[in-house]
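Chain and residue survey
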Amino acid sequence: MRTLIKGGTIVNADATSRADVLIDDEKVALIGAALDVAADRVIDATDKWVIPGGIDVHTHMELPFGGTFAKDTFETGTRAAAFGGTTTIIDFAVQPSGGTLRQGLDEWHAKADGNACIDYGFHCIVSDMRDDLLKEMDGLVDDGVTSFKLFTAYPGVFYSDDAKIFKALKQTAANGGLIMMHAENGPVIDAVAADLVAQGVTEPIGHGLARYSVFEGEATNRVLRLAQAAKAPVYFVHMSAREAVDALRRAQDEGLPAFAETCPQYLFLSLDDLRHGFEGAKFVCSPPLRDRAECHQEALWQGLQRGNLALVGTDHCPFDFHGQKELGRGDFRKIPNGLPGVEERVDLMHDGGVVSGRFTANRWVELISTAPARLFGLAHKGAVAVGFDADLVIYDPTRKHTLSAQTHHMNVDYSCYEGREVIGGADVVLSRGTVIVENGKWLGKAGHGRFIKRERSAALH
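Keep in mind that what you see is a predicted model, and the values were worked out from it rather than measured.

**Regarding the pairing of strand E18 (residues 392-402)**
Sheet analysis places strand E7 (residues 49-52) next to E18, joined by four bridges and oriented antiparallel. When the sheet's bridge partners are listed, Trp49 is paired in E18 with Tyr395. By the bridge criterion, eight bridges tie E18 to strand E19 (residues 421-431) in an arrangement that is antiparallel. Counted as the bridge partner of Ile394 is Val428 from E19.

**Description of the nonpolar core**
Of all hydrophobic cores here, the largest spans 136 residues; its most connected members are Phe148, Tyr235, Met349 and Trp364. If you look at the next biggest cluster of nonpolar residues, it comprises 16 residues, including Ala19, Ile23, Ile43 and Val435.

**Side note on the sheet that holds strand E15 (residues 234-236)**
Spatially, eight strands are ordered E8-E11-E12-E13-E14-E15-E16-E17 in an open sheet, and the strand pairing comes out parallel. Taken across any chain shown, the strands that pair with only one partner, and hence form the sheet edges, are strand E8 (54-59) and strand E17 (311-312). The pairing of strand E12 (residues 119-125) with strand E13 (residues 147-151) spans two bridges and is classified as parallel. Looking at the pairing, Cys124 lines up with Phe148 of E13. Against the sheet, helix H12 (residues 361-375) engages E8, E15, strand E16 (258-262) and E17, with an angle of about 65 degrees to E8.

**Considering the environment of Asp389**
Relative to the helices and strands, Asp389 is located in the loop between H12 and E18. Residue class for Asp389 comes out buried when judged on its relative accessible area of 10%. C-alpha of Asp389 to C-alpha of Ala29: the two residues are 360 residues apart in sequence and 9.5 Å apart in space. Apart from residues no more than four positions distant in its own chain, Asp389 is found in contact with Glu26, Lys27, Val28, Asp119, His380 and Lys381.

**Observations concerning the environment of Ser240**
Within the fold, Ser240 resides in the loop between E15 and helix H8 (242-253). Remark: the alpha-carbon pair of Ser240 and Glu418, spanning 178 residues in sequence, is separated by 21 Å. Beyond its immediate stretch of four places on either side in the chain, Ser240 contacts Glu216, Tyr266, Pro287, Pro288, Arg290, His296 and Leu300. Polar contacts involving the side chain of Ser240 include one to the side chain of Glu216, which spans 2.5 Å. A polar atom in the side chain of Ser240 sits 3.0 Å from the side chain of Arg290.

**Observations regarding the side chain of Thr86**
By secondary structure assignment, the location of Thr86 is in strand E11 (residues 86-94). A polar side-chain atom of Thr86 sits 3.2 Å from a polar atom in the side chain of Arg345.

**Things to note about the environment of Phe92**
Position of Phe92 relative to the elements: it lies in strand E11. Along the primary structure Phe92 and Phe376 are separated by 284 residues, whereas in three dimensions their C-alpha atoms are 13 Å apart.

**Some remarks on the sheet that holds E18**
Sheet architecture is open: seven strands sit in the order E3-E2-E7-E18-E19-E20-E21, paired in mixed fashion. With partners counted over all chains shown, the strands left at the sheet margins are strand E3 (16-18) and strand E21 (441-442), one partner each. In this structure, strand E2 (residues 9-11) lies alongside E7, joined through two bridges in parallel fashion. Its bridge partner being in E7, Ile10 is matched across the sheet by Val50. Against the sheet, H12 makes contact with E2, E3, E7 and E18, and its axis sits at roughly 35 degrees relative to E7, the strand it touches most.

**A word on empty space enclosed by the protein**
Across all of its chains, the model carries five cavities of 30 Å³ or more by this definition. Space inside the largest cavity adds up to approximately 170 Å³. Looking at the largest cavity, it is lined by 16 residues, and the ones nearest its centre are His60, Leu63, Phe65, Tyr154 and Asp315. Among the residues making up the lining of the largest cavity, the classes are represented as eight nonpolar, six polar and two charged. There is about 50 Å³ of room inside the second largest cavity. Along the walls of the second largest cavity sit 13 residues, with Thr146, Leu178, Leu375, Ser457 and Leu460 positioned nearest its centre. Of the residues belonging to the lining of the second largest cavity, the class tally is four nonpolar, six polar and three charged.

**Quick notes on the pairing of strand E5 (residues 27-32)**
The pairing of strand E4 (residues 20-24) with E5 spans five bridges and is classified as antiparallel. Within E5, the residue paired with Leu22 across the bridge is Leu30. The loop that links E4 with its antiparallel partner E5 comprises two residues; one of these, Asp25, has a positive phi angle of about 55 degrees.

**Remarks on the packing of aromatic side chains**
Summed over the entire model, instances satisfying the criterion amount to 18 aromatic pairs. Here the aromatic rings of Tyr154 and Phe158 are separated by 6.2 Å at their centres, their planes lie at 75 degrees, and the arrangement is edge-to-face. Relative accessible area serves as the criterion here: at 16%, Tyr154 is assigned to the buried category. Centre to centre, the rings of Trp301 and Phe359 are 6.2 Å apart; their planes meet at 40 degrees, and the pair counts as tilted. Highlighted residues: Trp301 in helix H10 (residues 296-306) and Phe359 in the loop between helix H11 (345-355) and H12, separated in sequence by 58 residues. Here the aromatic residues Phe65, Phe151, Tyr154, Phe158 and Phe319 are joined through ring pairs into a cluster of three or more. One residue, Lys149, lies across the ring of Phe92, its end atom 4.7 Å from the ring centre. Against the face of Trp301 rests Arg358, its NZ or CZ located 4.1 Å from the ring centre.

Rules and cut-offs
Residues numbered from 1 in each chain as written. Predicted model: local features only at pLDDT ≥ 70, side-chain atom pairs only at ≥ 80, totals over all residues. Heavy atoms only, no water. Pairing = 2+ DSSP bridges. Helix = DSSP H or I, 4+ residues; strand = E, 2+ residues; numbered from the N terminus. Core = buried A, V, L, I, M, F, W, Y, C linked by side-chain atoms within 4.5 Å. Buried < 20%, exposed > 50% of the residue type's maximum accessible area, 1.4 Å probe, protein only. Contact = heavy atoms within 4.5 Å. Axes fitted to C-alpha atoms, helices over the stretch in contact; angles between N-to-C directions. Polar contact = N/O pair within 3.5 Å; in protein donor to acceptor, adjacent residues only side chain to side chain. 1 Å grid on protein atoms, 1.4 Å probe; cavity = no way out; pocket = protein on both sides within 12 Å on 5 of 7 lines; lining within 4 Å. Points joined across faces, edges and corners; volume = space filled by probe spheres on them. Nonpolar A, V, L, I, M, F, W, Y, C, P; charged D, E, K, R; others polar. Phe/Tyr/Trp six-rings, centres within 6.5 Å; stacked < 30°, edge-to-face > 60°. Lys NZ or Arg CZ within 6 Å of the ring centre and 35° of its normal.

Spelled out as structure tokens, the structure:
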């Protein structure tokens, strides 16, 4: 099946050009002006952009948390991602307590295999960092699972102390992998949260009040210095606080290989969203949404503009408000942490970044696709280029639409951005040359997505 995309404007991270694109055998075969070639199908992209499919490197499909599971399966979550212009995800496989990393990975392969609608890879969540796992990490890197997430948060569940983090960093310095960090001072947060509950603060706002932004800044700086000592690259997930961005920038100015992402919720939402009684449970995530008056959002936007923040993921981890978030009525500490967002990322970043004049369309493509591919070893994704996978989006940069739970495809009963109008939307989405979304209609199928064995990333070291 040969498909020709005609008349569009190709927007890559490094350049913009008017050209046609020929797809053959799941790959981009030819790019040129006014191509006159035979094709089984021609797609008219006049007045539209042709961009590489979005890559979301931070999703949690079917994640167990707080006595329940994230609502999206690999089928529903990847279908929703595709509607939003994302054609690859990297999800987190969770090591079972007392078990091995590979046991967690095998469980996540079973969840995704035959169900994912778009291509996918895996990181490993290390919930129990033991010395016997260090050599196992080497084998997983060789098998294309090159990144491992550790936590300075959630004592008793995911927490790793400094010595364990340092050992893991030393191991990836040697094997070419990458440690990803959730950086908040979990033990101190738990102490503050207990004090708040004792004072009668039990509503969702307590979640935001307990997790001081300085606790994220402190943990970020501490891990940066552990990585410096280990001579290892390090990547921070879901950065939300001005203090954390400041610590990251200082380390980068010193030449350290330090990288970070932020997420749309930290750019567009704030602590105020937690202040509406129990309705605020819809917005409980960790790190929490931050106080707008303290300029965290502006610091994050500047981090994206200046290149300190490498990309935008979602931390997509949806729990229904009814029946799941409600587990925390009477005690904010029991509200399942997580927000939906895999479908909305590309459009939110176009609207808030490009339309608002904060950065160019090229930088937008870099943040949503090219940098994720480069940092996480997706060698044939993240650009509209000959020989690359034909993961392409025909994007209308002028189309207005309204975000709503009534129209989204994520398997969750609310939207964090209910009623927000955005400019920009995916008209046609192709995964490895197959049209899976066209003008709001689903044409894909479960099982189309393939596991991607990722390469070691030269960009990290």
